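Now for the letters of each chain:
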Protein chains: 2
Amino acid sequence: MALGKNYERQDCSFARALELLGERWTLLLVRDAFYGVRRYADFLAHLDIPRAVLAERLRTLTEAGVLARQRYSDNPPRHEYVLTARGRELWSVFFPLVQWGDRHLSTIGPRRLFAHATCDTLLEPTGTCGRCGRLVPPEEIEVRPGPGAQSDLRDDPVTQALRTPRRLLEPLF
Amino acid sequence: MALGKNYERQDCSFARALELLGERWTLLLVRDAFYGVRRYADFLAHLDIPRAVLAERLRTLTEAGVLARQRYSDNPPRHEYVLTARGRELWSVFFPLVQWGDRHLSTIGPRRLFAHATCDTLLEPTGTCGRCGRLVPPEEIEVRPGPGAQSDLRDDPVTQALRTPRRLLEPLF
DNA sequence: CGCCCATGGTTCAGTCAACGAACCGAAAGA
DNA sequence: TCTTTCGGTTCGTTGACTGAACCATGGGCG
């Protein structure tokens, strides 16, 4: 949303969260991070986001403690961006919004399905497992292609990797 | 967020939901609608949103079926904007984000508390009632000023009305 | 060594949306 | 008639996003 930063007169947790997360592209980065995207080039390929905006959002999210910048190679020095505990808590925001979109904005059906991996059972709209009834943390969730995955507009490495079931948060590559 | 409208290459329920809801001010309108704000002038007073942007967002949300435009006076013809069932479903997105903001972005503590009105008990972070354990729909929720409500930066009629406990969705005026 | 490539950025000119102040029109009230 | 309220529209300015080009570091290869 390119939300401006000036909700300052809205002193409310919700407005503050939106200042950080409501900017254009930001929540899509969080989505991709749940899917296991970690590297600059992969975010870039999957999102078609301008490079300058990507760099800035990664910096903002890192400063806010939603992502952590971790070195994965010394020669050459390379970093990847991983969701922190604070970032993983955003699953409780992300999942309901996906559900809402699936219910009201989708024609062909969900593009991705989410299942409790250990129970092999789809999640309820509340985010609980249909079998064991527990509220499932993202670490235990598997993403699978859903009926809406047929019409794949794009064909980058990330999209390809997501055509097979994956555990959330596990690196795609 | 002034999110642009062009996530079209991100054919995903989440991206589509963000196209609609991710634009700057939009989710703050939804928040205020939960709090019982219904009229153009009241949104304006509470949000300091440019009038043109407010008019456009109300139109977009109405077209998307999140808000309904209802006539409440014939002479002069006046309308108010009320959350539809589809809009009320956004409670499951709104509440976790408020909680997240309270946990991570608030210094003084929650500005508003949410309670199951019939049980007179605060909601759990999951949105269930701490006493009866049910997932509470917004119609049964009471908003109350929390510890963070001390520092009220603004003093419009909406802010004043919210200084006393209120049932969600009930019109403020 | 010299050349090319991969990765992860920065720079910059153009565009488009948000901002905010002014204006507008209908209706009611004094 | 004059003023106020409500719900907008218009419009010039500002600021963020866009997209293409450029850059820096560090391999890998002949």
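Quick note: structure is the one above.
These numbers were taken from a predicted model, which means no experiment stands behind them. (Residues numbered from 1 in each chain as written. Chains lettered and ligands numbered in written order. Predicted model: local features only at pLDDT ≥ 70, side-chain atom pairs only at ≥ 80, totals over all residues. Heavy atoms only, no water.)

Colleague: Explain unusual backbone geometry to me, and be specific about the residues and the numbers.
Modeller: Residue and element names in this part refer to chain B. A cis geometry characterises the amide bond from Asn75 onward to Pro76, with omega recorded as -5°. With respect to the helices, strands and loops of the structure, Pro76 is situated in the loop between strand 1 (67-73) and strand 2 (78-83). Of note, Trp25 is a non-glycine position whose phi angle comes to about 80°, a positive value. Here Trp25 lies in the loop between helix 1 (13-21) and helix 2 (26-35). Given the relative accessible area of 7%, Trp25 is considered buried. Phi at Asp48 takes a positive value of approximately 55°, unusual for a residue other than glycine. Here Asp48 lies in the loop between helix 3 (40-47) and helix 4 (51-63). Residue classification places Asp48 among the partly exposed residues on the basis of a relative accessible area of 42%. (Helix = DSSP H or I, 4+ residues; strand = E, 2+ residues; numbered from the N terminus. Buried < 20%, exposed > 50% of the residue type's maximum accessible area, 1.4 Å probe, protein only.)

Colleague: Please give an account of the protein's contact with DNA strand C that cites residues and values.
Modeller: Near DNA strand C lie 20 residues; those nearest to it are A:Arg51, A:Tyr81, B:Arg24, B:Trp25 and B:Arg57. Across the atoms of DNA strand C situated within 4 Å of the protein, the share located in sugar and phosphate is 66%. Here A:Tyr72 contributes a side-chain N or O atom positioned 3.2 Å from a phosphate oxygen of DNA strand C. Here A:Arg78 contributes a side-chain N or O atom positioned 3.3 Å from a sugar or linking oxygen of DNA strand C. Of all the elements in the fold, those that place two or more residues in the surface near DNA strand C are helix 3 (40-47), helix 4 (51-63), strand 1 (67-73) and strand 2 (78-83) of chain A together with helix 4 of chain B. At four residues, the largest contribution of residues to the surface near DNA strand C is made by helix 4 of chain A. Of the residues in the surface near DNA strand C, the class split is eleven nonpolar, two polar and seven charged. (Near = heavy atom within 4 Å. Polar contact = N/O pair within 3.5 Å; in protein donor to acceptor, adjacent residues only side chain to side chain. Nonpolar A, V, L, I, M, F, W, Y, C, P; charged D, E, K, R; others polar.)

Colleague: Quick rundown of the protein's contact with DNA strand D? Include the residues and the values.
Modeller: Every one of the 21 residues lining DNA strand D counts as a neighbour, but A:Arg24, A:Trp25, A:Arg57, B:Arg51 and B:Tyr81 are closest to it. Taking all atoms of DNA strand D within 4 Å of the protein, the share assigned to sugar and phosphate is 65%. Here A:Arg57 contributes a side-chain N or O atom positioned 2.6 Å from a phosphate oxygen of DNA strand D. For the surface near DNA strand D, the secondary-structure elements that each account for two or more residues are helix 4 of chain A together with helix 3, helix 4, strand 1 and strand 2 of chain B. The leading source of residues in the surface near DNA strand D is helix 4 of chain B, at four residues. Across the surface near DNA strand D, the residue classes break down as twelve nonpolar, two polar and seven charged.

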